[in-house]
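This is what each chain is made of:
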Amino acid sequence: MAAWARAVRGLLLDVSGVLYDSGGDGGVPIAGSVEAVSRIKASGLKLRFCTNETQATREEFVKKLQGMGFDISVAEVTAPAPAACRILKERSLRPHLLVHNDLVPEFAEIDKANPNCVVIGDAAENFTYANLNEAFRVLIGMEKPVLISLGRGRYYKETDGLKLDVGAYMKALEYACDVQAEVVGKPAKMFFESALAEMGVPPQQAIMIGDDIVNDVGGAQRCGMRALQVRTGKYRPCDENHPDVKPDAYVNNLAEAVDIILQQL
C-alpha cells in the first residue's frame, strides 16, 4: 500500500510533460493521460490544472487540449498571466511585455503606456537580442526596477527535444540590472495556495503531479502538499539524485499515479 496516496481529496496536475508533450504541430498526448483525467473526474476527487504555460491565452491553451480529447475547461486552469494581471492592477504597474505574441491578449485590459515594470514570459522566438536589450533598457532606467517573471523554469520538453524556458532569460535580466524577479507561477507559494483555494482543499489533502523536480515537486512540498514526479516530459534520471528535493514517489506516468491513488479511495 502506498502511504503517500492516502487521505487525498484533491489533485493538482502540471500540464506540459504530464498530460502532453508540446510541439510546433500542437503537441501529442502522453499515453494514458486522457483516460487518467477522465478517471479522476469520475472518482469525485477535486482537480486543478496548475500550469506555467505562457505561450497562449488560457482559452486557446484549453481549446488545444480539448482537441486532444482532454476533459478540461478554462475555469479549472491556474496559470501565471491572469495572476500577474491581478498584481499589475493592484499595484498600478504598467508593464513592458516580453512575452509570446499569443499571450498578449491576456493583458488587453492593462495600461501599458509609459512602463514602470517589465513582465517576462516564455516568449520563444521573441527572445531576440533586440527584444531582451529593450527590456533591459526599460529596467535599467528605473529608479527601483520591477521585474515580474511568469514562472522560472529552466527548460521544458517539446516533441523535437528540450527547449530553454523563461528562467534562463529572467536570470540574464536579473544579473544585468542587479534586480531580483518576482515570480508569478510555479514554484511560488502564492501560486500553489491560489490553486488550493480554488479547489477548496487544504494542502495536507492534496497531491501535486508534475515532471519538474524543482518547480512542481519542490514548490508543492514547500506548501505542505505531497508531490509526485512522473518519468515523462522533462524528467531525467539524474532528477532522482537531486540534492535538495525528494518527491513523495516517482511514477512512470500520470496513468500509473491515478491507478494507485484511486485504489486508496
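Refer to the structure presented above.
In this text, all values refer to a predicted model and were calculated from it rather than measured experimentally.

What counts, and at which threshold
- Residues numbered from 1 in each chain as written.
- Predicted model: local features only at pLDDT ≥ 70, side-chain atom pairs only at ≥ 80, totals over all residues.
- Heavy atoms only, no water.
- Helix = DSSP H or I, 4+ residues; strand = E, 2+ residues; numbered from the N terminus.
- Buried < 20%, exposed > 50% of the residue type's maximum accessible area, 1.4 Å probe, protein only.
- Contact = heavy atoms within 4.5 Å.
- Lys, Arg positive; Asp, Glu negative; His and termini not counted.
- Charge placed at Lys NZ, Arg CZ, Asp CG, Glu CD.
- Salt bridge = Lys/Arg side-chain N within 4 Å of Asp/Glu carboxyl O.
- Pairing = 2+ DSSP bridges.
- Axes fitted to C-alpha atoms, helices over the stretch in contact; angles between N-to-C directions.
- Right-handed = clockwise from strand over helix to strand, strands pointing away.
- Polar contact = N/O pair within 3.5 Å; in protein donor to acceptor, adjacent residues only side chain to side chain.

Engineer: Outline the overall build of the protein, supporting the account with residue identities and numerical values.
Structural biologist: The helix and strand inventory of the protein stands at 8 helices and 14 strands. Dimensions along the principal axes, computed over C-alpha positions, put the protein at roughly 60 × 35 × 35 Å. Within the span of the protein, comprising 265 residues, buried residues form 55% of the whole. At a minimum sequence separation of 6, the contacts of the protein that also span at least 24 residues come to 65%. Averaging the coordinates of the 29 positive side-chain charges in the protein and doing the same for the 35 negative ones gives two points 5 Å apart.

Engineer: Tell me what's going on with the pattern of salt bridges, and back it up with residues and numbers.
Structural biologist: Enumeration according to the criterion identifies 15 salt bridges in this entry. For Asp259, the salt bridge is made with Arg39, and the minimal N-O distance between the two is 2.5 Å. Here Asp259, found in helix H8 (residues 254-263), pairs with Arg39, found in helix H1 (residues 33-43); they are 220 residues apart in sequence, far enough to count as distant. Relative accessible area serves as the criterion here: at 37%, Arg39 is assigned to the partly exposed category. One salt bridge in this structure joins Glu174 and Lys171, with 3.4 Å as the shortest N-O distance. With Glu174 and Lys171 both in helix H5 (residues 166-177), this residue pair falls 3 residues apart, about one helical turn. Its relative accessible area of 12% is what places Glu174 among the buried residues.

Engineer: Describe the sheet that holds strand S14 (residues 249-251), naming the residues involved and giving the relevant values.
Structural biologist: In a beta sheet, neighbouring strands pair by backbone hydrogen bonds and run either parallel or antiparallel. As summarised here, the arrangement of the 6 strands in space is S5-S4-S1-S12-S13-S14, forming an open sheet in which the pairing is parallel. Each edge of the sheet is formed by a strand with only one pairing partner; in this case those strands are strand S5 (77-78) and S14. Alignment of strand S12 (residues 206-210) against strand S13 (residues 226-230), held across 4 bridges, turns out to be parallel. Looking at the pairing, Gly210 lines up with Gln229 of S13. Those strands touched by H1 are strand S1 (10-13) and strand S4 (46-50), and its axis lies near 140° from that of S4.

Engineer: Give me the pairing of S12: which residues, what numbers.
Structural biologist: By the criterion of burial, S12 is predominantly enclosed, with 5 of the 5 residues buried. Residues of S12 alternate between two faces, with Ala206, Met208 and Gly210 on one and Ile207 and Ile209 on the opposite face, all of them buried. Considered for its hand, the β-α-β crossover made up of S12, helix H7 (residues 213-222) and S13 is right-handed.

Engineer: Which residues make up the environment of Asn252, and what values go with them?
Structural biologist: As for its position among the elements, Asn252 is in the loop between S14 and H8. Here Asn252 falls in the partly exposed class, since its relative accessible area comes to 41%. Residues Asn252 and Val184, 68 residues apart in the sequence, show an inter-C-alpha distance of 29 Å. In this view, Asn252 contacts Arg231 and Thr232; residues no more than four positions away in its chain are not counted. At 3.2 Å, the side chain of Asn252 and the side chain of Arg231 are in polar contact.

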